[in-house]
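Structure at a glance
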Amino acid sequence: MIIRLIFALIGLGISILGEEFLSQLVFDREGDQGNLVWVNEKPITLPQAEIGSMYLFGKTFDSIDQLERDSLTQVLINEELLIQRGETLKIPNRDIGVRKSLVSASIRDITSKFDAVPVSERTLRSFFSEHQSIFEKPQRMALDVIVLAKQADLRRAKSLIAAGRDLSEIAKILRLNFAMPRGLQTLPIIYRQLGTKIASFAEVLETRQISPPIRGSGGVYFLQLTATEDALLPSFDDVRDIVKQEYRRRGRELALREQIDLLASEADIKTMIMSASHK
Amino acid sequence: MNAETNTNNLKAVAFLVFTSTIGLILGLVSSETKFFVKGIEAGLAATINGSEIYKVDYERAVSLFEKGRRDRASLKDRQMILGRLIDEELLFQYAIDRDLLRSDMNARRTILQAVVGGLEVGEEALNQTHSKYKLIIFQDYLTKLRETATIYLDEN
């Protein structure tokens, strides 16, 4: 009976103190980082003052004089009042610019935690050996490509090829422009320029070999492989900075994905579109 | 006679359990369906902790995605687009929860510009475009905000 009475009294006490008691606890915790001033129960923290001081005076908050401190305090109060006004007007939800800015702030906040962790040389080296293909300099090839639109040119080109002439000579004789740049290029770029059907012939050519005639858009194509450069894996020391950048980039992406997944798992998400689901 | 009564009781209990389970399931299905139908009627694509993503915004994102592409967005693309919008809303809520509006300097600057920009729009409506008037109106606005605010220095 007495125990029940005690519990009932505790319950009554909590309900009477209620929000004020809880908010006091919250404010005390916020106060741990040090506050300068309170505006409508919202603290302006010392770290905020520190940033403001550096921005306005280019000095730390401790090193500014009383006059500067007072004017900074007034500026921060004005800013806080304007921010609170913005919150009342629901500007963060309604203004697309503010919304995007907040999303970017979240990304910075999450990824900066990953960036703050120092990376050891050993970690970088093991990342390099596990992801060598990223740092590999890809194979490149140089091609001469001509397109023949006229039947007479095609006949002439065929006979010149049969006589052992290179495509560069044939282009000169027939006054043709090359269909793509002649320098060394990677396979994906060659595929993009020539299309899958024609580019696939380039892959099987030997150096100096000329392809059979290939019918494509704009006429008949001939390709000649003039030079190749094998794929090359640089040493770790040569690409150390790139390895570090890539490690950081992937780490940031992973940290962000993990945090979003965590937020999603804790959130109440309902999708109204039948086909949709999160992730 | 006794055995028959027991069997009847058991049957009654089983019937009760069965009907209440069916009732419970129907109730749950009904509330989810109601939410779903309500959502569709309200033109919603999704809700995240009560915040809404409207179908019109989702469709706008889909057409932006389709711009400059030969094909229309596939089912997978559409799922990805809605997923991105949900991610964005989760990150927005993360920022609000952590008060990044105040602590992140870029976000802080953006909201201050938006609030002050809103004031300037109001001034233009009043044809008060002169910078001197602008300053006076801004100062008046701040004075009014200060008058209704509770401001005190932290003594600790």
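The coordinates are above.
Presented here is an overview of the structure given in this document. (Residues numbered from 1 in each chain as written. Chains lettered and ligands numbered in written order. Predicted model: local features only at pLDDT ≥ 70, side-chain atom pairs only at ≥ 80, totals over all residues. Heavy atoms only, no water.)

What follows concerns the overall build of chain B. Scanning chain B from N- to C-terminus turns up six helices and three strands. In chain B, buried positions account for 28% of the 156 residues. Counting only contacts in chain B whose residues sit at least 6 apart along the sequence, the fraction spanning at least 24 positions is 26%. Taken as a whole, chain B presents about 10,800 Å² of accessible surface, with 59% of it coming from carbon and sulfur. (Helix = DSSP H or I, 4+ residues; strand = E, 2+ residues; numbered from the N terminus. Buried < 20%, exposed > 50% of the residue type's maximum accessible area, 1.4 Å probe, protein only. Contact = heavy atoms within 4.5 Å. Areas by Shrake-Rupley, 256 points an atom, 1.4 Å probe, with all protein chains shown as cover.)

For B:Thr150, the position within the fold is in the loop between α6 (131-147) and β3 (151-153). Using a relative accessible area of 43% as the deciding quantity, one classes B:Thr150 as partly exposed. With sequence-adjacent residues up to four places away left out, B:Thr150 is seen in contact with A:Trp38, A:Val39 and A:Asn40.

In this fold, A:Gln84 is placed in helix α3 (residues 66-88). Residue classification places A:Gln84 among the buried positions, given a relative accessible area of 12%. Of note is the side chain of A:Gln84, whose polar atom sits 2.9 Å from the backbone oxygen of A:Val39. Apart from the residues within four sequence positions on either side, A:Gln84 is in contact with A:Val39, A:Asn40, A:Lys42 and B:Arg102. (Polar contact = N/O pair within 3.5 Å; in protein donor to acceptor, adjacent residues only side chain to side chain.)

Applying the stated criterion to the full structure yields 27 salt bridges over all chains. The salt bridge involving A:Glu246 is made with A:Arg250; its shortest N-O contact spans 2.9 Å. With A:Glu246 and A:Arg250 both in helix α12 (residues 240-266) and four residues apart, this pair spans about one turn of that helix. When salt bridges that share partners are traced, they join A:Lys42, A:Glu80, A:Glu87, B:Asp99 and B:Arg102 into one network. (Salt bridge = Lys/Arg side-chain N within 4 Å of Asp/Glu carboxyl O.)

As a further point, take the pairing of strand β2 (residues 51-54) of chain B. The pairing of strand β1 (residues 44-48) of chain B with β2(B) spans four bridges and is antiparallel. What sits directly across from B:Leu44, in β2(B), is B:Tyr54. (Pairing = 2+ DSSP bridges.)

This part takes up the sheet that holds β1(B). Here three strands make up an open sheet; going across it, the order is β7(A)-β1(B)-β2(B) and the pairing antiparallel. Every other strand in the sheet has two partners, leaving β7 (269-271) of chain A together with β2 of chain B as the edge strands with one partner each. Going across the sheet, the axis of each strand differs from the next one's by a mean of 15°, ignoring polarity. Packing against the sheet, helix α2 (residues 55-66) of chain B makes contact with β1 and β2 of chain B, and its axis sits at approximately 50° to β2(B). (Axes fitted to C-alpha atoms, helices over the stretch in contact; angles between N-to-C directions.)

Residue and element names in this part refer to chain A. Here helix α5 (residues 96-115) crosses α12 at 125°, and the two axes come no closer than 9 Å. On the basis of the axis angle, α5 is oblique to α12. The way α5 lies across α12 gives a crossing that is right-handed. For the pair α5 and α12, contact is made by Ile107, Ile110, Thr111, Phe114 and Asp115 and by Tyr247, Arg248, Gly251, Arg252, Ala255, Leu256 and Gln259, respectively. (Parallel < 35°, antiparallel > 145°, perpendicular 65-115°, else oblique. Left-handed = near helix turned anticlockwise from the far one by under 90°.)

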